[in-house]
Amino acid sequence: MKKITVGFLALLFLMTLGGCKKKEKVKVIPPAEKQVAKTGEEVKEKPIPKPVVQEESIEDMSLEEINKKGYLQRIHFDFDKYNIREDQKPILIKNAEWLKAHPTVKILIEGHCDERGTEEYNLALGEKRAKAVRDFLISLGISPDRIKIVSYGKSRPLDPRHNEEAWAKNRRAEFVIIAK
Amino acid sequence: MRKILIFMFLSLFSFSQQEITIRIKGGIPAIRIAVPPFIVRATTQQAISAAKEIEEAFRADLAFSRVFDPLSRDLIALVKDRNPEKPDLKAWESVGASVVFIGKVEEKGEYLRFVGKLYDARSKNFILGKSFYGKIKYRRLMAHRMGDELLKYFGQVPIFTTKIAFISDRDGNRELYIMDYDGMNQMRLTYTKGMEMLPAWSHNGEMIAYTSFRKGNPDLYIRHIYQGRDELVARGGSNITPDFSPDDKFLLYSSSLPGNYEIYIYNLRTKQRRRLTFSYGSDLTPKWSPDEEKILFSSDRSGSPQLYIMDSDGKNPRRITFQGSYNASPDWAPDGDRIIYVSRVLGRFNLYMLFLSTSQVIKLTSGMAMNENPCFSPDGRHIVFSSNRSGKYQIYIMDYDGKNLRQLTSKGNNLMPSWQKINYRR
């Protein structure tokens, strides 16, 4: 008999809790129209939604999520060249600023090429591109221990087509965050 | 009909003190072989179809070889008398056969026996008899073994049992595969989910050196294919483009560890390595000369990729290509005289052949597509390469003169072929 009573009380308690939770949810988003109706006051202008911006911290995200955000932008190169183009330097400067703001982050720079070269010379060219980017970031004050490089040559094109547009897209250096 | 004398195998056979000149008339080889329909002693459907496949594979080998010129079905049909024990060699001679091959396949339970007898139609002599016995699933191998015996009898390199290693992304990412020289028995060897690239066969047919990104970086491994074991050869920097020495004791490769690609030699037994080149350019794709005394490689030390030959200790490099601004991916023919390579001309990548003795250059492919990674067959009569002429990259073989082009692969992208080597000096 005693056990049943205790059980019954516990059940009642849980039900009350559940009810409370539901109520709370309703409270969170009060419909503006209803509020007006309740108080009976006249509202001439509709309220605008309050802009809410959450501060994002990369500490809360997985590496995969961080890389999806695209904090570090890729840069492009000229055909058969590995020097950093003037128009690409602002992108690297931005990338360097972000890296300075996140001093624990380590990155992998991937060098890629278009298809107009042999596998092995494209591997060499991709490596030169990755190194050129690394050296540029170092010159902007990023520590060399934070940077790894790899070349994929022409094996991972962004655009598989065989035209100038595709080739220009595929001649690039990508940034992958490997530690946060 | 224009007569073409091919002396390219002279140097190859000089070691056996037997000079062989293959006379080719307008591309038609000299040995006229008659292969009448095989005699089949089998009862089960499985054995009957296996026997048929043996005959077809054997015929395909002979037709592919450029050593034999099989008689057409029409000519064979002219010879009525087909006594398997005593062929009418006079009749065979009269239809133009130099030699006659009598094939017989017998079912023995789960096994097959493939017996071949070769007769000289002119001298009327029995000249060669061979018998192979094996499980039905090895039927194609039995056919290739028989073909190899015929090649060996005529002093040629046995290529029908050789294999081709290549890279394919048919299962999603680039992995290492092997197949028979005729494109059959395609088999995946790696399951790293990283990226594999640029394989190279050893001469004993049991090792493949290749680059793998399985740990993120392009490291160099040797796969011992019949042991299922990988041996790490080089890591740190990028390590690519391996090549086994003719005696399989050393491996050449290129490493970017010093800052740019330089050529290294690795001793497979002592595991010690030595750097051979010291240049500001990328020194890549080292290849041993067949006599093991020289190394062919590509380098952009002059500003653009060109081909060079140096001594096997890295001394006396000299440039050998002067036409075009981009010459790379070379392979050295077993005769030591011909070099096949990729040249970029007006943005197109085609295969070219350079004759060292005459400095003559011949263009072997044409068109808008990419043609890459050429590699000679062990007898130097055929070339395997990859091309995206049909859309995706596929592996093709053709003869040394660009004839008889055949596509070997079709699923996914297939590239970077390496034809198994054979060391004839053994």
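Residues numbered from 1 in each chain as written. Chains lettered and ligands numbered in written order. Predicted model: local features only at pLDDT ≥ 70, side-chain atom pairs only at ≥ 80, totals over all residues. Heavy atoms only, no water.

Engineer: Describe in detail the overall build of chain B, supporting the description with residues and values.
Structural biologist: Assigned secondary structure in chain B consists of five helices and 32 strands. Taking all 426 residues of chain B together, the buried fraction comes to 59%. Summed over its atoms, the accessible surface of chain B is roughly 18200 Å², and 49% of this surface lies on carbon and sulfur atoms. (Helix = DSSP H or I, 4+ residues; strand = E, 2+ residues; numbered from the N terminus. Buried < 20%, exposed > 50% of the residue type's maximum accessible area, 1.4 Å probe, protein only. Areas by Shrake-Rupley, 256 points an atom, 1.4 Å probe, with all protein chains shown as cover.)

Engineer: Could you give an account of the pattern of salt bridges, with specific residues and numbers?
Structural biologist: Here the structure, examined in full by the defined rule, presents 45 salt bridges over all chains. We note a salt bridge from B:Glu85 to B:Lys117, for which the minimum N-O separation is 3.7 Å. In this pair, B:Glu85 is assigned in the loop between α3 (73-78) and α4 (89-94) and B:Lys117 in strand β7 (residues 111-120), connecting sequence segments 32 residues apart. Classification of B:Glu85 by relative accessible area gives exposed; the value is 52%. In this structure B:Lys117 comes out as partly exposed when scored by relative accessible area, which is 28%. One salt bridge connects B:Glu262 with B:Arg275, and the closest N-O pair in it is separated by 3.4 Å. Of this pair, B:Glu262 sits in strand β18 (residues 262-267) while B:Arg275 sits in strand β19 (residues 273-275); the two residues are 13 residues apart in sequence, bridging distant segments of the chain. Relative accessible area serves as the criterion here: at 0%, B:Glu262 is assigned to the buried category. Each of the salt bridges in this network shares a partner with another, and the network as a whole consists of A:Asp114, A:Arg116, A:Glu164 and A:Arg171. (Salt bridge = Lys/Arg side-chain N within 4 Å of Asp/Glu carboxyl O.)

Engineer: Residue-level account of unusual backbone geometry, with values.
Structural biologist: Residues and elements named next belong to chain B. Its identity is not glycine, yet Lys271 carries a phi of approximately 65°, on the positive side. Judged by relative accessible area, Lys271 falls into the partly exposed class, the value being 43%. A positive phi angle, close to 45°, is found at Thr285, a residue other than glycine. Its location among the elements puts Thr285 in strand β20 (residues 283-288). A residue is classified by how much of its surface remains accessible, and Thr285, at 6% relative accessible area, is buried.

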